[in-house]
Amino acid sequence: MSDYIVRATAADGQIRAFAANTKDVVETARKDHNTSPVATAALGRLLTGGAMMGIMMKGDKDVLTLQIKCSGPIGGLTVTSDSKGRVKGYVNHPEVMLPANAQGKLDVGGALGLGVLSVIKDLGLKEPYVGQTELKTGEIGDDLTYYFATSEQIPTVCALGVLINKEDGEVMLAGGLLIQLLPGAFEDTIEKLEKNLETLEPVTTMLAKGMSILDICKTALAGFEVEVLDEYPVKYVCTCSREKLERLFCTMSDDEIRAMPDENGRVVANCHFCNKKYIFN
C-alpha cells in the first residue's frame, strides 16, 4: 500500500493517536536532494513527524512548517505539510557524512548538534502561531515530544524511524507514531499507556516484522479499545511552478531584475524543496 496515516482514538477519547507509513515520501526526498544516509534519516524523521502534525490542522489552507536551526554539520532542516497529507522538505547540507554513533546507528543527533526547533502554524490569520523549543537530543522524535510538552502542554510520545539500505542508501522502511493524552485522562489510563510504551519496539523494527501501521498503533494501545477515525494518503508534493516565479519577478524592481542574469544572460532559479531548476532568458 502507498504511504498513509491512520488517525485513531482510544480509552473513550482520553487518548488520540497518529501512525504513519512514509517510505515512499522519504525515498522521494532522498532522490530529489541526493541526501547522504544520515541526512536521509534526519529529513525522513522530520517529514514523518511533520506529516502527522499536518493532519492535526483543520483548515484546507492551513500550513504547518517545522524548522530546525542547529550547530551540527547538517546545518538545519525545513519541512512543510498540510491537513491533506501533503508534505515536502529539505536539508541545508544533504551531503554530510558521519561515522555511526555508539549504538552503531546513523548519528542523527550528532549531525544536528545543539539548536532550536520552530513550529510555525499558518492558519490564515494576520500572524502565524510560532512555538520554539531547544533541541533536547537532536533525534527529532524526542525533540517533538519535548515541544508538545513545553509549548502546547500536551503529554506526547513521538517515535520516528527510517531504515536505510547500507549498500545503496535507498530507503527500505520509514514511519512514525504519535500518541497524546488529552485533558482529563484518568490515572489508570496514563499508567497503562506508560507500561505499553516502555516495552514498545522501534517503529522500523515493527515494520520490518511485517506489521501494518494500524498493527503498530494497536500494539502501543494494547488493552484499550481503539477506534480508527480516518486514513489519509501521504505524498511528497512540491507546489513550485514557473508561473509562481514569474509572479515573483513582477514584484521586483527593474534594478533587481537587471542584476539577476548570469554571464550567459540567463536567470536560473532552483527550488529548495524539489531541486527543480527553472531557466529564464
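For the structure given in this document, a descriptive report is provided here. Owing to the predicted nature of the structure, the values given are computational and were not obtained by experimental measurement.

The number of helices and strands found in the chain is 9 helices and 13 strands. In terms of C-alpha radius of gyration, the chain reaches 20 Å, essentially the compact-globule figure of 19 Å for 281 residues. Expressed along its principal axes, the backbone C-alpha trace of the chain runs to roughly 70 × 45 × 35 Å. Taken over 281 residues, the chain has a buried fraction of 47%. Of all intrachain contacts in the chain linking residues separated by at least 6 positions in sequence, the fraction that spans at least 24 positions is 62%. Per element, the accessible surface of the chain, about 14,400 Å² overall, is 51% carbon and sulfur. Of the side-chain charges in the chain, 29 are positive and 38 negative, and the distance between the mean point of each set is 4 Å.

Now for the side chain of Arg-45. Mapped onto the elements of the fold, Arg-45 is located in helix H2 (residues 37-55). The class for Arg-45 is buried, based on a relative accessible area of 14%. Beyond its immediate chain neighbours, meaning those up to four positions away, Arg-45 contacts Val-108, Glu-139, Ile-140, Leu-160 and Val-162.

Next up on the list: helix H1 (residues 23-33). Listing the buried residues of H1 in full gives Val-25, Val-26, Glu-27, Ala-29, Arg-30 and His-33. Contacts from the buried residues of H1 go to H2, strand E5 (86-91), strand E8 (156-164), strand E9 (171-181) and strand E11 (235-236). Residue Asn-34 follows H1 closely and has a positive phi angle near 50 degrees.

A word on unusual backbone geometry. A positive phi angle, close to 55 degrees, is found at Asp-12, a residue other than glycine. Judged by its relative accessible area of 82%, Asp-12 is exposed. Backbone geometry places Gln-153, a non-glycine residue, at a positive phi of 50 degrees. Topologically, Gln-153 is positioned in the loop between helix H4 (141-151) and E8. Judged by its relative accessible area of 56%, Gln-153 is exposed.

Throughout the structure, instances matching the rule amount to 12 salt bridges. Where Glu-152 meets Lys-121, a salt bridge forms, and the shortest distance between an N and an O atom there is 2.8 Å. Note that Glu-152 is positioned in the loop between H4 and E8 and Lys-121 in strand E6 (residues 115-122), a separation of 31 residues in sequence. Glu-134 is paired through a salt bridge with Lys-136; the nearest N and O atoms lie 3.5 Å apart.

A few words now on the side chain of Asn-21. With respect to the secondary-structure elements, Asn-21 resides in strand E2 (residues 15-21). In this structure Asn-21 comes out as buried when scored by relative accessible area, which is 19%. Those residues in contact with Asn-21 that sit more than four places away from it in its chain are Asp-3, Tyr-4, Ala-174, Gly-175 and Ile-213.

Sheet architecture is open: 5 strands sit in the order E8-E9-E2-E1-E10, paired in antiparallel fashion. Strands with a single pairing partner mark the edges of an open sheet, and in this sheet they are E8 and strand E10 (226-233). Between one strand axis and the next, the sheet turns through 10 degrees on average, direction left out of account. Strand direction decides the pairing type here: E2 and E9, joined by 7 bridges, are antiparallel. Along E9, the bridge assignment pairs Ala-19 with Leu-177.

Let us look at the environment of Ala-10. When you line up the elements, Ala-10 lands in strand E1 (residues 4-10). Ala-10 sits in the buried class, given a relative accessible area of 2%. Between the C-alpha atoms of Ala-10 and Val-234, which are 224 residues apart in sequence, the distance is 23 Å. Beyond its immediate sequence surroundings of up to four residues, Ala-10 is in contact with Ile-15, Leu-221, Phe-224, Glu-225 and Val-226.

Moving on to the layout of surface pockets. Taken as a whole, the largest pocket encloses approximately 950 Å³ of empty space. Around the largest pocket, the lining is made up of 30 residues, and of these Arg-45, Lys-105, Leu-160, Gly-161 and Thr-204 lie nearest the centre. Only H2, H4, E8 and helix H6 (203-208) provide two or more residues apiece to the lining of the largest pocket. Taken as a whole, the second largest pocket encloses approximately 280 Å³ of empty space.

Counting across every chain of the model gives 0 disulfides. A disulfide-free cysteine, Cys-217 has its sulfur positioned 13 Å from the sulfur of Cys-158, the nearest such atom. Not part of a disulfide, Cys-240 finds its nearest cysteine sulfur in Cys-274, a span of 3.6 Å.

Rules and cut-offs
Residues numbered from 1 in each chain as written. Predicted model: local features only at pLDDT ≥ 70, side-chain atom pairs only at ≥ 80, totals over all residues. Heavy atoms only, no water. Helix = DSSP H or I, 4+ residues; strand = E, 2+ residues; numbered from the N terminus. Rg over C-alpha atoms; globule rule 2.2 N^0.38 Å. Buried < 20%, exposed > 50% of the residue type's maximum accessible area, 1.4 Å probe, protein only. Contact = heavy atoms within 4.5 Å. Areas by Shrake-Rupley, 256 points an atom, 1.4 Å probe, with all protein chains shown as cover. Lys, Arg positive; Asp, Glu negative; His and termini not counted. Charge placed at Lys NZ, Arg CZ, Asp CG, Glu CD. Salt bridge = Lys/Arg side-chain N within 4 Å of Asp/Glu carboxyl O. Pairing = 2+ DSSP bridges. Axes fitted to C-alpha atoms, helices over the stretch in contact; angles between N-to-C directions. 1 Å grid on protein atoms, 1.4 Å probe; cavity = no way out; pocket = protein on both sides within 12 Å on 5 of 7 lines; lining within 4 Å. Points joined across faces, edges and corners; volume = space filled by probe spheres on them. Disulfide = S-S within 2.5 Å.

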